[in-house]
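Here is how the chains run, residue by residue.
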Amino acid sequence: MAARHEEIAEELRRAIDREEYAVGSRLLPETELAARYGVSRGTVRQAVAALTSEGLIGSRQGARRVVLASRRNQSFAELRSFAQWARAMGRTATGRVVSSGYRPTTAQDSVRLQIPLGVPVLHVLRLRGLDGEPVLLERTVYADWIAPAVERIEADCPSVTQRLFADTGLVFAYGEHLIDAVAAGAQDAELLGVRRTSPLLRVRRVTTTREGRPVEWSDDRYRSDAVSFSVHNSIGNNPLARQTGPGAASVSPATADGGRGTGAAPDLDHRAQASP
């Protein structure tokens, strides 16, 4: 029989899945949760700690806990991080900064980050892995207002998303994504351990705060033998799934625009299945 804190943790996970707690919203205070479940605050803390370790919620000293992600119907607009996605399927995410430095804003940066030309922005090349195996290269450009906080994060931090929330209270809320395929160049091939010209899945994304302020834009390149995307269309929904391996993911229905030209991003389900 599960311990009481494990039962409460599962009830909270389901509440988050049902969007009783939306991404970016605050969890009820410990005293209210303890009263609701008829347990001590210590038991509630154990339950909440489990959700924090899974990346579903974030905590900051002196502030109420905030929902960072859900387990299902995870949309591109909610942006579950690579580390949260990996953790949700029982894998360990790794990260390593290959290079980092400031460059003047280009025309492309200016449009995507909505800042003037010439303003220094932070460019970071980060190699991500699953259980130590490299699967993703992130080329990310951070807006000038968040760049100093990113710089302070250690190079091997597994989840920049969670660290930025813990340090600054930032919640990545909305995004626009463009997915295509590219051939691996020399640097991509070397870092990902594939042959040059091997096909890579590329996701170009711009992410913003809940208020719509751009935080970053990124060119993410996945090894095609490690991660794939699938789309299941219907009149009312268009969930897009990211998964490891070549098999099809299990995708839950989610309300979305359906891709009919409004510019809204399709839903992303990160409940991935690991390769055998």
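A. Region of interest: the overall build of the chain. Counting its regular elements, the chain contains eight helices and eleven strands. The buried share of the chain, taken over its 276 residues, is 49%. Counting every atom, the chain has about 13000 Å² of accessible surface; 50% of that belongs to carbon and sulfur.

B. Region of the structure containing the packing of aromatic side chains. For the coordinates displayed, the defined rule picks out zero aromatic pairs. Its guanidinium or amino end placed over the ring of Trp217, Arg112 lies 4.3 Å from that ring's centre, counting from NZ or CZ. One cation-aromatic arrangement involves Arg213 over Trp145; the distance from NZ or CZ to the ring centre is 4.1 Å.

C. Inspection of unusual backbone geometry at higher detail. At Asp131, a position not held by glycine, the phi torsion is positive, near 50 degrees. In the Ramachandran plot, Thr197 falls in the positive-phi region, its phi being about 75 degrees despite a non-glycine side chain. Tracing the backbone shows Thr197 in the loop between helix H8 (186-192) and strand E7 (199-208).

D. Region of interest: the nonpolar core. Counting 23 residues, the largest nonpolar core has Leu12, Tyr21, Leu33, Leu51 and Ile57 as its most contacted members. For this core, the secondary structure elements donating two or more residues are helix H1 (4-17), helix H2 (30-37), helix H3 (41-53) and strand E2 (66-67). The contacts of Leu12, once residues within four sequence positions are left out, are Tyr21, Leu33, Tyr37, Val48 and Leu51.

E. Layout of the packing of H1 against H3. Remark: H1 packs on H3, axes separated minimally by 8 Å, with the N-to-C direction vectors making an angle of 50 degrees. The pairing of H1 with H3 is recorded here as oblique in orientation. Regarding H1 and H3, the two cross each other, and that crossing is right-handed. Counted together, Arg4, His5, Ile8, Ala9, Leu12, Arg13 and Ile16 of H1 and Thr43, Gln46, Ala47, Val48, Ala50 and Leu51 of H3 form the full contact between these two elements. Residues that form the contact of H1 with H3 fall into these classes: eight nonpolar, three polar and two charged.

F. Region of interest: the side chain of Glu138. If you trace the backbone, Glu138 turns up in strand E5 (residues 133-142). We classify Glu138 as buried; its relative accessible area is 8%. Ignoring sequence-local partners within four residues, the contact set of Glu138 consists of Val124, Leu125, Arg126, Arg128, Arg205, Ser218, Asp219 and Asp220.

G. Summary view of the pattern of salt bridges. Using the criterion set out here, one finds 21 salt bridges in the structure. Linking Arg163 and Glu154 is a salt bridge whose minimum nitrogen-to-oxygen distance equals 2.6 Å. Classification of Glu154 by relative accessible area gives partly exposed; the value is 35%. Here the salt bridges do not stand alone but share partners, grouping Arg139, Asp180, Asp188, Arg202, Arg204, Asp219 and Arg221 into one network.

H. Just the environment of Ile179, in detail. When you line up the elements, Ile179 lands in strand E6 (residues 174-183). C-alpha separation for the pair Ile179 and Val203, spaced 24 residues apart in sequence, amounts to 4.6 Å.

I. Spotlight on the pairing of E5. Across the ten residues that make up E5, a large majority, seven, are buried. When strand E4 (residues 120-130) meets E5, the two strands line up antiparallel, connected through nine bridges. What sits directly across from His123, in E5, is Val141. Between E4 and E5, which pair antiparallel and follow one another directly, the connecting turn spans two residues, one of which, Asp131, has a positive phi of 50 degrees. Relative to strand E8 (residues 214-223), E5 runs antiparallel, the two sharing seven bridges. Directly across from Val141, in E8, lies its bridge partner Trp217.

J. Spotlight on helix H7 (residues 160-168). Among all positions of H7, only Val160, Thr161, Gln162, Leu164 and Phe165 are buried. Of the residues flanking the end of H7, it is Gly169, one or two places downstream, whose phi is positive at about 85 degrees.

K. Representation of H3. With 13 residues, H3 extends 18 Å between its outermost C-alpha atoms, agreeing within 8% with the 18 Å of an ideal straight helix rising 1.5 Å per residue. For H3, the complete set of buried residues consists of Thr43, Val44, Ala47, Val48 and Leu51. An end-on view of H3 places all buried positions within 130 degrees of arc, on one side of the element. Looking at the buried positions of H3, the neighbouring elements they touch are H1, H2 and strand E1 (57-58).

L. Spotlight on the environment of Ser110. You can see Ser110 is positioned in helix H5 (residues 107-113). You can call Ser110 buried: its relative accessible area is 19%. On a C-alpha basis, the gap between Ser110 and Val121 in space is 9.9 Å, while along the polypeptide they are eleven residues apart. Contact partners of Ser110, with chain neighbours within four places excluded, come to Thr105, Ile115, Pro116 and Leu117.

The rules we used
Residues numbered from 1 in each chain as written. Predicted model: local features only at pLDDT ≥ 70, side-chain atom pairs only at ≥ 80, totals over all residues. Heavy atoms only, no water. Helix = DSSP H or I, 4+ residues; strand = E, 2+ residues; numbered from the N terminus. Buried < 20%, exposed > 50% of the residue type's maximum accessible area, 1.4 Å probe, protein only. Areas by Shrake-Rupley, 256 points an atom, 1.4 Å probe, with all protein chains shown as cover. Phe/Tyr/Trp six-rings, centres within 6.5 Å; stacked < 30°, edge-to-face > 60°. Lys NZ or Arg CZ within 6 Å of the ring centre and 35° of its normal. Core = buried A, V, L, I, M, F, W, Y, C linked by side-chain atoms within 4.5 Å. Contact = heavy atoms within 4.5 Å. Axes fitted to C-alpha atoms, helices over the stretch in contact; angles between N-to-C directions. Parallel < 35°, antiparallel > 145°, perpendicular 65-115°, else oblique. Left-handed = near helix turned anticlockwise from the far one by under 90°. Nonpolar A, V, L, I, M, F, W, Y, C, P; charged D, E, K, R; others polar. Salt bridge = Lys/Arg side-chain N within 4 Å of Asp/Glu carboxyl O. Pairing = 2+ DSSP bridges. Expected span 1.5 Å × (residues − 1). Arc of directions from axis to C-beta.

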